[in-house]
Amino acid sequence: MDTREKIRILSDSAKYDVSCSSSGNSRQGKQGALGNAVQGGICHSFTSDGRCISLLKILMTNYCIYDCAYCQNRVSNDIERAFFKPEELIDLTMSFYRRNYIEGLFLSSGVIKSPDHTMELMVEILKALRIREKFNGYIHVKGIPGASPYLIAEAGKFADRLSVNIELPEEADYASLTPQKNRELILRPMAQISRKISENTEEKRIFRYSEDFVPAGQSTQLIVGATPATDGKILTLSGGLYKAYGLKRVYYSAYIPVGTSALLPKLTAPPLLREHRLYQADWLLRFYKFQTEELVSPDENLDVNVDPKTQWALRNMHLFPVEVNRASFDMLLRIPGVGLISAERMAKARRLSPLTWDGLKRMGIVLKRAKHFILVSGRYYGSFSQDPDMIYSALSERKDEIQTDLFDKIDTQEPAIRIKSHVPKLIQEPVPLPGKRAALAGGES
Ligand code: SF4
């Protein structure tokens, strides 16, 4: 098999890992236009200093001795297989880099022979790239669950980012869906990486010259929709992982229906909208001081029709409208349509003069959403007299009726015929903010 064929097979198999930021689009080149888009191959990611870089995203091999029911590369799946010898992958990376096609490497692999054997080969690639080839580009490498701590530590010396995928939200599902793995095999290397990163940070404080260990931190991936786990369960797990292991990112990967197991749901398309709402909720938990139980509805799921912050606001209409000139900073952050930077701009600007409707517009606040939840110098600009059902209807993207394919067009002009079915979910059990209501609401009553 020639190198081109191997790249085709192994970059295609790598597309199921979403721990790089861009995955998913596929578009043919067309006459008169420049370029095309393919799902596998070169993807984009962000370095620790925020630069967007292109990476060769590839598997060392898609042979795997494991049989994870949700994975394309499982041993029981009849697919084309390929394997890159370490030297072939080193040459490929260096030649792509020299031609300026890529700025780094995202390397993952199926498990061949044993986790240690696989990890040894990956470490061999990393070592040769860094020491022999003096490759100074970005490298993100996957830790193989079950590999010895020594090999994980070696990989961490040469990689910028190291990640071990947790995959399943609930421990109970491992036995049936990924019988050769368990939570412990995944959490152990995660804990080791986290500990080594802390030690390395401490070392650097004391010694001027010390080796790096995973300077861009660790991340993980969670599959969404392959098991009945609710959004609440998924977000609680992510919150725990961020806290316990200092992860840089948890990536949510909508389950692509590649499995044949009767235990897997029969989806016609990956639940991409659910994945999107989980990313939004994850952001709210990390940067907007929300708690998981505030964001999910009583059935522990997010409504895909509106963003999670709007869902929370509609369940808590007793806190709105808030006067933007007097609300606390924490409450500004909770207004739908107001982002972190906009809240900072509002807080800064109102020290000089009262905020105005035009001023809010210029600050980039999404007034189409925010207007239903704010007062600007005592004036309410919303059109539905604070009726949560009407606001929901106006803001709903009505996406739960159909689970669309990634590039299906969604007609948002149709009347929102299913609104009533959502009403009970929205008006149940407001979640109060203990002891904060008056302060957060900026004294409005
Ligand atoms: S170990 Fe990884 S590559 Fe192998 S079947 Fe499981 S998820 Fe797929």
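Residues numbered from 1 in each chain as written. Predicted model: local features only at pLDDT ≥ 70, side-chain atom pairs only at ≥ 80, totals over all residues.

- Named according to an unreviewed UniProt entry, the protein is Biotin synthase originating from Youngiibacter fragilis 232.1.

**A short note on the overall build of the protein**
Phase 1: Tallying secondary structure elements over the protein gives 17 helices and ten strands in all.
Phase 2: Every one of the 445 residues in the protein was classed for burial, and the buried ones make up 42%.
Phase 3: Partitioning the contacts of the protein with sequence separation of at least 6, the portion at a separation of at least 24 is 69%. (Helix = DSSP H or I, 4+ residues; strand = E, 2+ residues; numbered from the N terminus. Buried ≥ 20, exposed ≤ 12 C-beta atoms within 10 Å, placed from the backbone. Contact = placed C-beta atoms within 7 Å.)

**Quick notes on the packing of helix H4 (residues 149-158) against helix H6 (residues 183-206)**
Phase 1: It is the contact of H4 with H6, at a shortest axis distance of 10 Å, that shows an interaxial angle of 45°. Regarding the angle of H4 to H6, the classification is oblique. Here H4 runs over H6; the crossing is right-handed. Two secondary-structure elements touch here, H4 through Pro149, Ile152, Ala153 and Gly156 and H6 through Pro189, Gln192, Ile193 and Lys196. (Axes fitted to C-alpha atoms, helices over the stretch in contact; angles between N-to-C directions. Parallel < 35°, antiparallel > 145°, perpendicular 65-115°, else oblique. Left-handed = near helix turned anticlockwise from the far one by under 90°.)

**Some points on the site of the ligand**
Phase 1: Residues in close proximity to the ligand include Cys64, Tyr66, Cys68, Cys71, Asn73, Arg74, Gly110, Val111 and Thr178, which together make up its full environment.
Phase 2: Grouping the amino acids of the shell around the ligand by side-chain chemistry returns five nonpolar, three polar and one charged. (Near = placed C-beta within 6 Å. Nonpolar A, V, L, I, M, F, W, Y, C, P; charged D, E, K, R; others polar.)

**Structural notes on unusual backbone geometry**
Phase 1: Cis rather than trans, the peptide bond between Phe320 and Pro321 has omega equal to 0°.
Phase 2: In this fold, Pro321 is placed in the loop between helix H10 (308-315) and strand S8 (322-323).
Phase 3: We note that Lys113 has phi near 60°; this positive angle belongs to a residue other than glycine.
Phase 4: Residue position: Lys113 is located in the loop between strand S3 (104-108) and helix H3 (115-132).
Phase 5: Non-glycine residue Glu300 carries a positive phi angle of around 70°.
Phase 6: With respect to the element layout, Glu300 can be found in the loop between helix H9 (292-295) and H10.

**A short note on the sheet that holds strand S10 (residues 379-380)**
Phase 1: The strand order across the open sheet formed by three strands is S8-S9-S10, and the pairing between neighbours is mixed. Strands at the two margins of the open sheet, each flanked by one partner only, are S8 and S10. (Pairing = 2+ DSSP bridges.)

**Structural notes on helix H12 (residues 340-349)**
Phase 1: Regarding H12, the residues found buried are Ala343, Arg345 and Met346. Down the axis of H12, the buried side of the element spans an arc of 160°, and every buried residue falls inside it. Across H12 from its buried face, at more than 90 degrees, point the exposed residues Leu340, Ile341 and Lys348.
Phase 2: Contacts from the buried residues of H12 go to helix H11 (329-333). (Arc of directions from axis to C-beta.)

**What to know about the nonpolar core**
Phase 1: Counting 103 residues, the largest nonpolar core has Leu107, Met122, Leu126, Ala155 and Leu332 as its most contacted members.
Phase 2: Take this core: its biggest share by element is seven residues, from H3.
Phase 3: In terms of domain composition, this core takes at least three residues from each of domain 1 (3-19 + 39-267) and domain 2 (308-440).
Phase 4: Look past the residues within four positions of Met122 in its chain and what remains in contact with it is Met60, Leu107, Ser109, Val141 and Ala155. (Core = buried A, V, L, I, M, F, W, Y, C linked by C-beta atoms within 7 Å. Domains from an automatic or database assignment.)

**Considering the confidence of the model for the protein**
Phase 1: For the protein, the average pLDDT comes to 83, and 81% of its residues sit at 70 or higher.
Phase 2: Element-level pLDDT for the protein is lowest in helix H17 (residues 437-440), with a mean of 31, against a maximum mean of 97 in H11.
Phase 3: This model gives residues 401-445 a pLDDT under 50, and the stretch forms 62 contacts once residues within four places in sequence are excluded. (pLDDT = per-residue confidence, 0-100.)

**What to know about the packing of H3 against H4**
Relative placement of two packed helices is described by the angle separating their axes and the distance separating the axes.
Phase 1: For the pair H3 and H4, interaxial distance at closest approach is 9 Å and the crossing angle is 25°. Accordingly, the angle class assigned to the pair H3 and H4 is roughly parallel. Between H3 and H4 lies a crossing of left-handed hand. Across the interface between the two elements, Asp116, Met119, Glu120, Met122, Val123, Leu126, Lys127 and Arg130 from H3 touch Leu151, Glu154, Ala155 and Phe158 from H4.
Phase 2: Split into classes, the residues belonging to the contact of H3 with H4 amount to seven nonpolar, no polar and five charged.

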